[in-house]
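The primary structure of each chain is shown beneath.
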Amino acid sequence: MIILSEKEDLGSVIVEKLNCKNVFTIFGIGVSEAVVVTWIIMAVILIVSLILTHNLKVENPGKKQLFAEAAVEWLDKLIGDILGKEAREYTDYLITVIIYLGFANLIGMFGFKPPTKDLRVTAALALMSIVLIEAACIRKKKLKGFLKSMRNPMNILELGIKPLSLCMRLFGNVLGAYVIMTLIDETTHVFFPVVASMYFDVFDGLIQAYIFVFLTGMFIQEQVED
């Protein structure tokens, strides 16, 4: 009976932490925790960007500027290699996405619920990706070429499969990592959660951000290649 009671308590704790509640309402529209945390992430990214880009110099740049330039060049090369020459123009968008996802997946370390734990967030990201993918196809092959490709039933099927794959892969992995970390935090001592967090929050979180952007980039490359 005691063990059952402990399990029920642990289960209630997990369910409570998984629920994405509305923090407040605007004109009768509920604003969830995922949206609020996303606003926090946007504010942090904006502040960091302003700090890193303040007082830029052409000659004798400081360490802050050198760090910013190195980070941008590294991300540009990372995403550019995925997209290839034909789709290089979409690099900036995917850099923005990977920065957001990186912050979103790591923010659980600071006591916030990762917004990517909310299916609505990952679904919105996947929808944005599929719109960009098909827009890239139309831009490259024109509307006539796009409609011609839709003769193939597999291409029509992929319109649903690609965003579903992107959405569920990101959502499932982030949610799974969050549940495991919640279990570890509630049932073990201080040292083990810190070690586990380095994998589930840091390594796995950054890997999932990269995979989402990698797959989106690969899908775009497939659409624009000759």
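Residues numbered from 1 in each chain as written. Predicted model: local features only at pLDDT ≥ 70, side-chain atom pairs only at ≥ 80, totals over all residues. Heavy atoms only, no water.

1. Describing the overall build of the chain
Within the chain one finds 7 helices and 2 strands. Structurally, the chain occupies a C-alpha span of about 65 × 60 × 40 Å along its principal axes. In the chain, which comprises 226 residues, the share counted as buried stands at 34%. Sequence-distant contacts in the chain: of pairs separated by 6 or more residues, those separated by 24 or more amount to 68%. In the form shown here, the chain has an accessible surface area of approximately 14,000 Å², with 69% of it arising from carbon and sulfur atoms. When the 21 basic and 23 acidic side-chain charges of the chain are each reduced to a single mean position, those positions are 8 Å apart. (Helix = DSSP H or I, 4+ residues; strand = E, 2+ residues; numbered from the N terminus. Buried < 20%, exposed > 50% of the residue type's maximum accessible area, 1.4 Å probe, protein only. Contact = heavy atoms within 4.5 Å. Areas by Shrake-Rupley, 256 points an atom, 1.4 Å probe, with all protein chains shown as cover. Lys, Arg positive; Asp, Glu negative; His and termini not counted. Charge placed at Lys NZ, Arg CZ, Asp CG, Glu CD.)

2. Focus on the layout of surface pockets
There is about 1,200 Å³ of room inside the largest pocket. Elements supplying a minimum of two residues to the lining of the largest pocket: α2 (33–53), α3 (63–83), α4 (91–106), α5 (119–149) and α7 (191–224). For the lining of the largest pocket, the element with the most residues is α2, which contributes 13 residues. Split into classes, the residues belonging to the lining of the largest pocket amount to 35 nonpolar, 5 polar and 1 charged. Taken as a whole, the second largest pocket spans an internal volume of roughly 280 Å³. Lining the second largest pocket we find 20 residues, and of these G108, P114, Y178, M181 and D201 sit closest to its centre. Among the elements of the structure, α6 (153–187) and α7 are those that each provide at least two residues to the lining of the second largest pocket. Looking at the lining of the second largest pocket, its residues break down into 8 nonpolar, 7 polar and 5 charged. (1 Å grid on protein atoms, 1.4 Å probe; cavity = no way out; pocket = protein on both sides within 12 Å on 5 of 7 lines; lining within 4 Å. Points joined across faces, edges and corners; volume = space filled by probe spheres on them. Nonpolar A, V, L, I, M, F, W, Y, C, P; charged D, E, K, R; others polar.)

3. Things to note about the environment of V23
Within the secondary structure, V23 sits in strand β1 (residues 22–26). Residues V23 and T187, spaced 164 residues apart in sequence, show a C-alpha to C-alpha distance of 28 Å. Aside from chain neighbours lying at most four places away, what touches V23 is V31, S32, E33 and V36.

4. Describing the confidence of the model for the chain
When the pLDDT values of the chain are averaged, the result is 83; 90% of them are 70 or greater. Across residues 1–7 the pLDDT falls below 50, and counting only partners more than four positions away or on other chains, this stretch makes 0 contacts in the model. (pLDDT = per-residue confidence, 0-100.)

5. As for the pairing of strand β2 (residues 29–32)
Here 4 bridges tie β1 to β2, and the two strands are oriented antiparallel to one another. Bridge pairing in β2 links I26 to I29. (Pairing = 2+ DSSP bridges.)

6. Regarding the packing of aromatic side chains
The tally for this structure, following the rule as stated, stands at 1 aromatic pair. Here the basic side chain of K117 rests over the ring of Y178, its NZ or CZ set 5.5 Å away from the ring centre. (Phe/Tyr/Trp six-rings, centres within 6.5 Å; stacked < 30°, edge-to-face > 60°. Lys NZ or Arg CZ within 6 Å of the ring centre and 35° of its normal.)

7. Topic: unusual backbone geometry
Apart from glycine, the bulk of residues carry a negative phi angle, and the bulk of peptide bonds sit in the trans form. For N60, which is not a glycine, the phi torsion comes out positive at approximately 50°. Structurally, N60 can be placed in the loop between α2 and α3. Non-glycine residue K142 carries a positive phi angle of around 65°. Along the polypeptide, K142 turns up in helix α5. Given a relative accessible area of 54%, K142 falls into the exposed group.

8. What about the environment of V131?
Secondary-structure assignment places V131 in helix α5. A C-alpha to C-alpha distance of 29 Å links V131 and V48, two positions 83 residues apart in sequence.

9. Some details on the packing of α4 against α7
Running from amino to carboxyl end, α4 crosses α7 at an angle of 155°, the nearest separation of the two axes being 9 Å. Viewed along their axes, α4 and α7 adopt a mutual orientation that is roughly antiparallel. Viewed along their axes, α4 and α7 form a crossing whose handedness is right-handed. Between α4 and α7, the contacting residues are L94, V97, I98, L101, G102, N105 and L106 on the first element and D201, V202, G205, L206, Q208, A209, Y210, F212, V213, T216 and G217 on the second. Classifying every residue of the contact of α4 with α7 gives 11 nonpolar, 6 polar and 1 charged. (Axes fitted to C-alpha atoms, helices over the stretch in contact; angles between N-to-C directions. Parallel < 35°, antiparallel > 145°, perpendicular 65-115°, else oblique. Left-handed = near helix turned anticlockwise from the far one by under 90°.)

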